[in-house]
Every structure is written in C-alpha cells, then in structure tokens.
Amino acid sequence: MELPPSVETDIETFITNVRSKHGTYRGKEEITAGANQLDVAKESVSILRKLVYCLEGKQLQLSSLIQFVRMACKKMKEAYPYGILVANVARRILYVIRDEFSMELKVSQKESNNMLTSEFSFNPALDSQLTSVPSTTAASEDTFNYNRLKENILEHLASVDFLQEFDSVYKSISRQAVDHIAEGESILTYGYSKTIEKFLIAAKKTNFNVIVCEGAPQCGGHRLAAKLIEQGMEFGSFQSDKKGTERSGNKMIKKNK
C-alpha cells in the first residue's frame, strides 16, 4: 500500500517548508521564529483531505482509509517539532471518517433493505426463497456507495464549522484558564508558546505568580515576557549566562546542580 504520488509530493513540500523555519542546535532541529501552529494544522488538513480525494473504490473501505491516513501522518510527523500537532489533526480527521462511514453504512443498509422488500413484495413464493436472500451485511457491502462516502468526508473537512474549530482553538483553551489557575499558584514557563501566552493573559485577574525561563538558545522567553508586559502583568525571569548562573531581575541566583 502506497500513498498517491501527488500526496507524497505535498508531504515532502510540507516538511521542507516547516523545517526551513527552524535552525539547528546540538544536532537537533529546534524552533527559532517557528512556523505558525495554526497554519501547520490547516496545511495538515489540506494534505489529508487531498489524500481522501485521490482514493478510489475499495481504497475507501474503513480499514484502508485509516491505514492511508496513518501512513500520511507518520510521514508528516517528520516536520519536527510539530509531530504531536499533526498527530492530533489526524486523530480528529479519523473521527470524521469513522462518523461519516457509520452514517453511510446505515444509509446503505436501509437502501438494501428497501430494495429487498421491493423485490419480494411481488413474489408469491416468498417463503421458498428466503434461504437465497443475502444477509443485510452482505447486501450493504454490495450496495455501499463509496463515492457518496468520499463526497461526504470531503464536504465535512471543507465545512466552515470544521475549519472554525482551528480558528477558535486559542479562545477555547483560554476560557478554561481561570478554572486551572488558582490564587497564589506559581506558573513556570519555558520559551514561547502562543497558547501559553493567551492562557496566562486570560487569567491575569487571578492573583498568581509567573516565572519565565528564556529558553536559550532561541530565547523565546523574551517574546513571552514582552507579551505579558504589554498586558501589565508582573513576572519573574530566569536567564542563563556563560558562567552557569541565572538572573531574576537584578539578583543573581545559583543554578541547582
């Protein structure tokens, strides 16, 4: 089983584009300016949607569909450090596929049952022919409309409601901030994350402490600190220097070994 060539090409381009926005540190790719996580998620959806579009006939059976999506996801996870993000997108799409497959199976079974009822309604020798009637499962397999299933999956993945799930993800997470951060708690952050930024800002009316580690060598903590300052939030900061010490404000703090 192999992915369609056009999908393979799109995945290679996707990985190259994501990696081009990262630098190299100690032999491993680490985030610098970083790719926009929302863009990475949407591009993942676009590739997996194209994958479904390229499949035909029996390739659209549930087991085959799941295997194809997992193959594509495994390749896209090479777009370090967004492997977890890609995997979560794939899980969401697999849910859509299973849901659409289940609904289409019910429709096919209903159509099959209606067809059998119509066929035997005019047959006076119905009792003698019952042994030759195919089972509901077999009939549904014969009448299963894979093209309709494909259209439904593609329509779902392109729907406004589905895409809005990605656009509203920060709001959805931020709404939970006040429920997860209690008064007097200390929150330690490392580097920069837009999700963490929105989360902390949403809970800024709660009295809690924030300690921002700069996250050397990319120093994303400076970016997070700037965002918190814009919101009038106070925080402590830790910065590594060449002597193996950390600074918090104007004070020197020895690193624990």
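### Focus: the packing of helix α11 (residues 194–202) against helix α12 (residues 220–230)
Then comes step 1: Where α11 contacts α12, the axes come no closer than 10 Å and their chain directions differ by 25 degrees. In terms of orientation, α11 and α12 fall into the roughly parallel class. As α11 packs across α12, the resulting crossing turns out to be right-handed. Contacts between α11 and α12 involve E197, L200 and I201 on the former and, on the latter, L224, K227 and L228.
Then comes step 2: The residue inventory of the contact of α11 with α12, partitioned by class, reads four nonpolar, no polar and two charged.

### Remarks on the pattern of salt bridges
Then comes step 1: Counting across every chain of the model gives five salt bridges.
Then comes step 2: The closest approach of N and O atoms between E165 and R92, which form a salt bridge, is 2.8 Å. Taken as a pair, E165 in helix α8 (residues 160–167) and R92 in helix α4 (residues 83–120) lie far apart in primary sequence, 73 residues in all.
Then comes step 3: Exposure remark for R92: the relative accessible area of 24% places this residue in the partly exposed category.

### Points about the confidence of the model for the protein chain
Then comes step 1: This prediction gives the protein chain a mean pLDDT of 75; 72% of its residues lie at or above 70.
Then comes step 2: Element-level pLDDT for the protein chain is lowest in strand β7 (residues 251–254), with a mean of 32, against a maximum mean of 90 in helix α3 (residues 62–76).
Then comes step 3: Every residue in residues 242–257 scores below 50 in pLDDT, and together they form 24 contacts with partners more than four places removed in sequence or on other chains.

Rules of the game
- Residues take numbers from 1 onward in each chain, read along the sequence in its written order.
- Reporting in this predicted model follows two pLDDT cut-offs: at least 70 for local features of residues, and 80 or more for side-chain atom pairs to be given and counted; totals over whole chains, interfaces and linings ignore these cut-offs and use all residues.
- Only hydrogens and water are removed before side-chain values are computed, so all heavy atoms of the structure are retained for them.
- Every axis in this analysis is a line fitted to C-alpha atoms, fitted for helices over the stretch in contact. Angles between the N-to-C directions lie between 0 and 180 degrees.
- Strands here mean DSSP runs of E at least two residues long; helices mean DSSP runs of H or I at least four residues long; both are numbered from the N terminus.
- Between 65 and 115 degrees an angle is taken as roughly perpendicular, under 35 as roughly parallel, over 145 as roughly antiparallel, and anywhere else as oblique.
- For any helix crossing, the convention is left-handed if the near helix is rotated counterclockwise from the far helix by under a right angle, and right-handed if that rotation is clockwise.
- Contact definition: two residues touch when any of their heavy atoms are within 4.5 Å.
- Throughout this entry, Asp, Glu, Lys and Arg are counted as charged residues, while Ala, Val, Leu, Ile, Met, Phe, Trp, Tyr, Cys and Pro are counted as nonpolar. The remaining residues, Gly among them, count as polar.
- What makes a salt bridge here is a side-chain nitrogen of Lys or Arg within 4 Å of a carboxyl oxygen of Asp or Glu, nothing more.
- Burial classes follow relative accessibility: with a 1.4 Å probe on protein chains only, a residue under 20% of its type's maximum area counts as buried, one over 50% as exposed, and anything between as partly exposed.
- As a per-residue measure, pLDDT tells how confident the predictor is, with possible values from 0 to 100.

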